[in-house]
Amino acid sequence: MPTQIGRGPEFQPVARAPRAGCERGRVTGRFRAHVELFGRRHAIVIPAAIGIGGQTKRQYGRIVAADCRAGMRTLDPSGVVHFDREGLRLGDLFAVWGQPLGRARMLSFRGPVSVFVGGRRVTADPGDVPLRDGAQIVVESGGYVPPHPSFRFPPRTAP
């Protein structure tokens, strides 16, 4: 069942260029995970260009090239996170984004934070949830929204 995007700036946070670890390379990642955020039972838009720095080239609104990119990044507002190595965690994405994530805070939302992976609740600290290729991760604060157990990723682009 679709969930409406909330009204106000807290539901459409902006992307920030990485403060450190920005290097040249392909913007598409070796691995991808899908992350969905909900605050007060409304969808939060994960913006394009998290972890992207400098000039960008876009096709149909999607980032296809950039001067530099962090180890994890978003290319469009679909919630797909691209990353290049294993061992990264959800907290790493929020760190690159410059946003808080913990048991009692997600972005500007305060209160208990719940995380679901593949539709199943995870009791670990939200920042410690591993990012794995093909994972569907849902993060909620301020009310329950039934989590999606899976996500159909768009085809990978050729190198």
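Look above for the structure.
Throughout this description, residue numbers start from 1 for each chain and increase along the sequence as written. With the structure being a predicted model, the display of local features is reserved for residues of pLDDT at least 70 and the display and counting of side-chain atom pairs for 80 or more, all residues being used for whole-chain, interface and lining totals. Water and hydrogen atoms were dropped before computing side-chain values, which therefore reflect all heavy atoms in the structure.

Enquirer: Explanation requested: the state of the cysteines in the structure shown.
Expert: Two cysteines, two sulfur atoms, one covalent bond between them: this is a disulfide. Criterion for a disulfide: a pair of cysteine sulfur atoms at a distance within 2.5 Å. Under the counting rule described, the total for this entry stands at one disulfide. Through a disulfide, Cys 22 is tied to Cys 68; the S-S separation comes to 1.8 Å. Taking the sign of the S-S torsion, about 90° here, the bridge from Cys 22 to Cys 68 comes out right-handed. Here Cys 22 is found in the segment before β1 (31–39), whereas its partner Cys 68 is found in strand β4 (residues 62–69), with 46 residues between them in sequence. On the basis of relative accessibility, which here comes to 30%, the residue Cys 22 falls in the partly exposed class. Think of it this way: any DSSP run of H or I at least four residues long counts as a helix, any run of E at least two long counts as a strand, and we number them from the N terminus. Each residue's exposure class comes from its accessible area (1.4 Å probe, protein chains only) as a fraction of the maximum for that residue type: buried when under 20%, exposed when over 50%, partly exposed otherwise.

Enquirer: So what exactly am I meant to see when it comes to the pairing of strand β6 (residues 80–83) here?
Expert: Both faces of the sheet carry side chains from a regular strand, because those side chains alternate between them. Side-chain alternation along β6 places Val 80 and His 82 on one buried face and Val 81 and Phe 83 on a second face that is also buried. Criterion used throughout: strands pair if DSSP finds at least two bridges between them. The pairing of strand β5 (residues 72–74) with β6 spans three bridges and is classified as antiparallel. When the sheet's bridge partners are listed, Met 72 is paired in β6 with Phe 83. If you look at the hairpin formed by β5 and β6, you'll find five residues sitting between the two strands, and Gly 79 has a positive phi there, around 90°.

Honestly, it's all geometry; don't read function into it.
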